[in-house]
Amino acid sequence: MPDLLLELFSEEIPARMQAKAADDLRRMVTDKLVAEGLVYEGARAFATPRRLALTVHGIPARQPDLKEERRGPRVGGPEPAIQGFLKATGLASIDDAKIQSDKKGDFYIALIEKPGRPALDVLAEILPVIVRTFPWPKSMRWGERSARPGALTWVRPLHAITATFGPETEEPDVVPFSVDSIEAGQTTFGHRFMAPAAISVRHFDDYEAKLKAAKVVLDPQARKDMILADAKTLAQAQNFELVEDQGLLDEVAGLVEWPVALMGSFDQEFLSIPDEVIRATIRNNQKCFVVSDPKTGKLTNKFILTANIEATDGGNAIVAGNERVIRARLSDAKFFYETDLKTKLEDRLPKFDQIVFHEKLGKQGERIKRIERLAAEVAPLVGADVEKTKRAAHLAKADLLTEVVGEFPELQGLMGKYYALAQGEDASVAAASEEHYKPQGPADRVPTDPVSVAVALADKIDTLVGFWAIDEKPTGSKDPYALRRAALGVIRLILENNIRTSLIKTITTFVATLLESDAVKAAESPIAIAPSLLVFFADRLKVQLRDQGARHDLVDAVFSLGGQDDLLVVVRRVEALGKFLDSDDGKNLLAGTKRAGNILAIEEKRDKRTFDGAPDPSLYRQDEEKALAKAIDQVKREASAAVAAEDFAGAMSVMATLRPAVDAFFDKVKVNDDDPKVRENRLKLLNEIRAATRAVADFSKIQD
């Protein structure tokens, strides 16, 4: 079958856009092919700084012929309807239509046969549309044509289009189309400096090989592998280690078509700056990797850059240019760092009284005071020293006003730790400056130092309560204040540190503290905030447990009991419930409980009443009723005791003893007895089954 080769050759595409652009090109072309009945075998897309490329193999040479029956108006229908039918179907006369009968009468049917077109013609039709409608985040117009109506917009000036189609063993056809006077052809270009001449290409294998010969590595992953391998080799040659950085590697691979790794150095005096500042300076400004000494674990005064050319001088001029820039940047960073050290963290705090945190939540200074107070209240729950916790919360945000964090916002918290240690603060107080922001994602570590945990909980819960109070909750995919991440952070802090706390009480305390401020413009009722936030936490807990392989419906089953706001206990209940439901006893008891619930729902709806209250033992007519009632009484007593002792596995074992009695009851007893009193009594007994199982969970929330 024929293959398609498509390349869109332009000026440099921003590295951050390349991966998505390649995926968009693949998706748009293949979706259009499938929509046109051209089902392909496979597709791969590539990106370099100057080109997007796509190969689609196994495309049929032509579309399949289509036969379609289209139903028309009723025989004898209005003339306008018949004429409209003829026009829509292309029939010359109504005599050319068939007549088909059904229950509603006789109708005209048109048989439309549409011969398939050559795939080359289809491609010539769809490819220019894709080019013109390509979804770049930002695009531009250029040259004389830019003034014309409908001028092409592209991320950077588009220079050439390569589009060939044909079997691998034959000379391909050029797909005949043009976009804004750019004619599709078989010509591409190699490396801008080392091989700029035009290259004639045929199929993908030919295209990829000729590009490589012209100093262009087409596959982004291949470029990454080359950069990483060469950088490691350079570092190891001097007994150093490359500090790997996947994000930087992805970016650098999008900046070069022919990667060449080179090593440079900077003055030893800059090693007095914290390693993270050196790394951020070199990474952000020059897109270079840093190198560490494996003996000390500290950075060395070396860096590795990735050039886009094999320079005739071995790269000496390129290295020297990067060294000059890095020297200047590190000099600035050293000045910022040393300037920051001259001012104590607490002396920076008054400035926060002039900085608005949120227009409805007051100033940042007020928020810091609130976090300090709340962290002190949380401290005993996590075993933290109260005075250290207050001090940590007092200083935790201070580094936001430092020069280094102003230059490198990603170092917030970390620089606070360095400055706190430099001014002689306790190690736990200093660590909290960095760790109170954690965890920032599912892969981020969770603090374990009690002081850090207390400040982190206070910071995150204050954020959640504040934005809940002003009714700025997440909606759909929008979460501008990262409240979902904050809630997941609270959950992980609680679970991974085995913290026992009532979320409702904690949130209520935070609400009261928040609303003491006149600057807070609450939109939510204070009474409604805590229950609403608890539901949000339940939803986030489902996400957390689902990621760990647990069932989200079990979280609902536990939370539905009411009063379940100790997350550690909830998770233990869910774990025990999950194990129980995996057993035969659990599955059968769930089925029996669901059956009881379904019968009750039907009868309660019919009778317009509930069947609460204890059954009357004198109305038991069969041994199975008596056995079930006895089993329920025992299970209620023993399961409640086990739950009170937080022996959830034991509670599930007790629940398992109910299964034989439930099975026997449904096997032998007719619930809807002819005697109304007996019927009512048996329905009350079914309600007792439901009540007994609620000692551990609301089984009605569990999916079969």
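For the structure, check the block above.
Read on for a plain summary of the structure. The shown structure was predicted, so the numbers you read here are calculated from the model rather than taken from an experiment. (Residues numbered from 1 in each chain as written. Predicted model: local features only at pLDDT ≥ 70, side-chain atom pairs only at ≥ 80, totals over all residues. Heavy atoms only, no water.)

**What to know about the packing of helix α10 (residues 364-382) against helix α15 (residues 450-469)**
At step 1: Remark: α10 packs on α15, axes separated minimally by 8 Å, with the N-to-C direction vectors making an angle of 130°. In terms of orientation, α10 and α15 fall into the oblique class. In terms of crossing hand, the pair formed by α10 and α15 is right-handed. Facing α10, whose interface residues are Arg367, Arg370, Ile371, Leu374, Ala375, Val378, Ala379 and Val382, α15 presents Pro450, Val453, Ala454, Val455, Leu457, Ala458, Asp459, Asp462 and Thr463.
At step 2: Its residues assigned to classes, the contact of α10 with α15 comprises 12 nonpolar, one polar and four charged. (Axes fitted to C-alpha atoms, helices over the stretch in contact; angles between N-to-C directions. Helix = DSSP H or I, 4+ residues; strand = E, 2+ residues; numbered from the N terminus. Parallel < 35°, antiparallel > 145°, perpendicular 65-115°, else oblique. Left-handed = near helix turned anticlockwise from the far one by under 90°. Contact = heavy atoms within 4.5 Å. Nonpolar A, V, L, I, M, F, W, Y, C, P; charged D, E, K, R; others polar.)

**Quick notes on the nonpolar core**
At step 1: Leu541, Leu577, Leu658 and Leu686 are the most contacted members of the largest nonpolar core, which totals 143 residues.
At step 2: Counting residues per element, this core draws most heavily on α15, at 13 residues.
At step 3: Look past the residues within four positions of Leu686 in its chain and what remains in contact with it is Ala596, Ile599, Leu600, Phe665, Phe666 and Val671.
At step 4: The next biggest cluster of nonpolar side chains, apart from the first, holds 41 residues, and it includes Leu8, Ile59, Leu127 and Val179. (Core = buried A, V, L, I, M, F, W, Y, C linked by side-chain atoms within 4.5 Å. Buried < 20%, exposed > 50% of the residue type's maximum accessible area, 1.4 Å probe, protein only.)

**A word on the packing of aromatic side chains**
At step 1: Summed over the entire model, instances satisfying the criterion amount to 12 aromatic pairs.
At step 2: Residues Phe134 and Trp136 carry aromatic rings whose centres are separated by 5.0 Å and whose planes lie at 50° to one another, so their mutual orientation is tilted. Each member of the pair, Phe134 as well as Trp136, is classed as buried.
At step 3: On the basis of an interplanar angle of 55° and a centroid distance of 6.0 Å, the ring pair of Phe357 and Phe467 is categorised as tilted. You can see Phe357 sitting in strand β17 (residues 356-358) and its partner Phe467 sitting in helix α15, a full 110 residues away along the chain.
At step 4: Overall, Phe357 belongs to the partly exposed group, its relative accessible area being 26%.
At step 5: Cluster of aromatic residues (ring-pair linked, three or more members): Phe46, Phe204 and Tyr207.
At step 6: Its end group placed over the ring of Tyr418, Lys417 keeps NZ or CZ at 5.6 Å from the ring centre. (Phe/Tyr/Trp six-rings, centres within 6.5 Å; stacked < 30°, edge-to-face > 60°. Lys NZ or Arg CZ within 6 Å of the ring centre and 35° of its normal.)

**Details of the pattern of salt bridges**
At step 1: Applying the stated criterion to the full structure yields 57 salt bridges.
At step 2: Lys542 is the partner of Asp539 in a salt bridge, and the nearest nitrogen-oxygen pair spans 3.5 Å. Placement of both Asp539 and Lys542 in helix α18 (residues 526-547) is noted, with a separation of three residues, approximately one turn of the helix.
At step 3: Residue Asp539 is classed as partly exposed on the basis of its relative accessible area of 31%.
At step 4: A salt bridge links Lys684 to Glu680, with the shortest nitrogen-to-oxygen separation between them at 3.6 Å. Pair noted here: Lys684 and Glu680 are both in helix α25 (residues 676-693), with a separation of four residues, about one helical turn.
At step 5: On the accessibility criterion, Lys684 (16% relative accessible area) is buried.
At step 6: What makes Glu680 partly exposed here is its relative accessible area of 26%.
At step 7: Bridged by salt links that share partners, the residues Arg367, Arg370, Lys397, Asp459 and Asp462 form one connected network. (Salt bridge = Lys/Arg side-chain N within 4 Å of Asp/Glu carboxyl O.)

**Points about the sheet that holds strand β14 (residues 260-265)**
Strands in a sheet are paired, the pairing made by backbone hydrogen bonds, and the direction either parallel or antiparallel.
At step 1: Pairing within the open sheet is antiparallel, and its four strands lie in the order β13-β15-β16-β14. On the outer flanks of this sheet lie β13 (241-242) and β14, each paired with one strand and no other.
At step 2: Where β14 meets strand β16 (residues 299-307), six bridges bridge the pair, whose relative direction is antiparallel. For Met263, the partnering residue across the bridge sits in β16 and is Ile304.
At step 3: The sheet strands contacting helix α8 (residues 316-341) are β14 and β16, and the helix crosses β16 at an angle near 130°. (Pairing = 2+ DSSP bridges.)

**Details of unusual backbone geometry**
As a rule of thumb, non-glycine residues mostly have phi less than zero, and peptide bonds are mostly trans rather than cis.
At step 1: Omega for the bond connecting Lys438 with Pro439 falls within 30 degrees of zero, at -10°, which places this linkage in the cis form.
At step 2: Here Pro439 shows up in the loop between α14 (427-435) and α15.
At step 3: Even without being glycine, Asp471 reaches a positive phi, approximately 60°.
At step 4: Assignment of secondary structure puts Asp471 in the loop between α15 and α16 (483-496).
At step 5: Positioned with a positive phi, Lys608 is a non-glycine residue whose angle comes to about 55°.
At step 6: Relative to the helices and strands, Lys608 resides in the loop between α21 (584-607) and α22 (623-644).
At step 7: Among the residues examined, Lys608 registers a relative accessible area of 75% and is labelled exposed.

**Structural notes on the pairing of strand β2 (residues 42-48)**
At step 1: One ladder, built from seven bridges, connects β2 with strand β3 (residues 51-57); its direction is antiparallel. Its bridge partner being in β3, Thr48 is matched across the sheet by Arg51.
At step 2: The turn joining β2 and β3, which pair antiparallel and follow one another in sequence, is formed by two residues.

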